[in-house]
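Chains, contacts and geometry: an overview
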Amino acid sequence: MGNSGEKRRGRRHLPKVGTATDLKQMHHDERMEIAHDIGLDPRGRTMFGRGLVFALIWVAVALLVVGVVVFWFLT
């Protein structure tokens, strides 16, 4: 197949309005928008996810510092 076939690759046809496929796609899009609005966006990193990662890093650093200080006092 030449270049003309590659132009069509990845093209997605929209379903007819009112069909089951159209309704399913519409509901899926609405659910994704709601998930994005409340911070549960599966397509990207949310502030909650970043905050959780930073909190875990700070806890790990704090435990490391406490461990080093305790080890220093006990030796």
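Sequence order sets the numbering: in each chain, residues are counted from 1 along the sequence as written. Per-residue local features of the predicted model are confined to residues with pLDDT of at least 70, and side-chain atom pairs are confined, for both listing and counting, to 80 or more; whole-chain, interface and lining totals are unaffected and use all residues. Note that the side-chain values use all heavy atoms of the structure and ignore hydrogens as well as water.

Quick look at a nonpolar patch on the surface
Note that patches include only residues with greater than 30% relative accessible area and no salt bridge, and the join distances are 9 Å for like charges and 5 Å for nonpolar side chains (Val, Leu, Ile, Met, Phe, Trp, Tyr). To be clear on the numbers: accessible area is Shrake-Rupley with a 1.4 Å probe, and residue cover counts the displayed protein chains and nothing else. When a carboxyl oxygen of Asp or Glu is within 4 Å of a side-chain nitrogen of Lys or Arg, the pair counts as a salt bridge. Where nonpolar side chains cluster on the molecular surface, the patch consists of Val53, Phe54, Ile57, Trp58, Val61, Val65, Val69, Trp72 and Phe73 and spans about 990 Å² of accessible area. Every helix listed is a DSSP run of H or I at least four residues long, and every strand listed is a run of E at least two residues long, numbered separately from the N terminus. As for its placement among the helices and strands, Trp72 is situated in helix α3 (residues 47-74).

A closer look at a negative patch on the surface
Where like charges cluster on the molecular surface, the negative patch consists of Asp29, Glu30, Glu33 and Asp37. Position of Asp37 among the secondary structure elements: in helix α2 (residues 20-37). Classification of residues uses two cut-offs on accessible area relative to the type maximum, computed with a 1.4 Å probe and protein chains only: under 20% is buried, over 50% is exposed, and between them is partly exposed. With a relative accessible area of 64%, Asp37 lands in the exposed category. Neither His nor the chain ends is counted toward charge; the positive residues are Lys and Arg and the negative residues Asp and Glu. Charge positions come from single atoms, namely NZ of Lys, CZ of Arg, CG of Asp or CD of Glu.

Digging into the packing of aromatic side chains
By convention here, two paired aromatic rings are described through the distance between centres and the angle between planes. Side-chain rings of Phe, Tyr and Trp (the six-membered ring for Trp) are treated as a pair once their centres are within 6.5 Å; stacked means planes under 30 degrees apart, edge-to-face means over 60, and tilted covers the remaining angles. Scanning the entire structure with this criterion turns up one aromatic pair. An angle of 55° between the planes, with centres 5.2 Å apart, marks the rings of Trp72 and Phe73 as tilted. Residue classification places Trp72 among the exposed residues on the basis of a relative accessible area of 61%.

Side note on α2
For α2, spanning 18 residues, the distance from its first C-alpha to its last is 26 Å, which sits close to the expected 26 Å at 1.5 Å a residue. By the burial criterion, the buried members of α2 are Asp22, Met32 and Ala35. The arc that holds every buried residue of α2, seen down its axis, measures 155°, which confines them to one face. Structural note: α2 exposes Ala20, Arg31, Glu33, Ile34 and Asp37 on the side pointing more than 90 degrees away from its buried face. Each residue after the first adds 1.5 Å to the expected span of a helix. Of all possible arcs, the one meant is that of the directions from the helix axis to the C-beta atoms.

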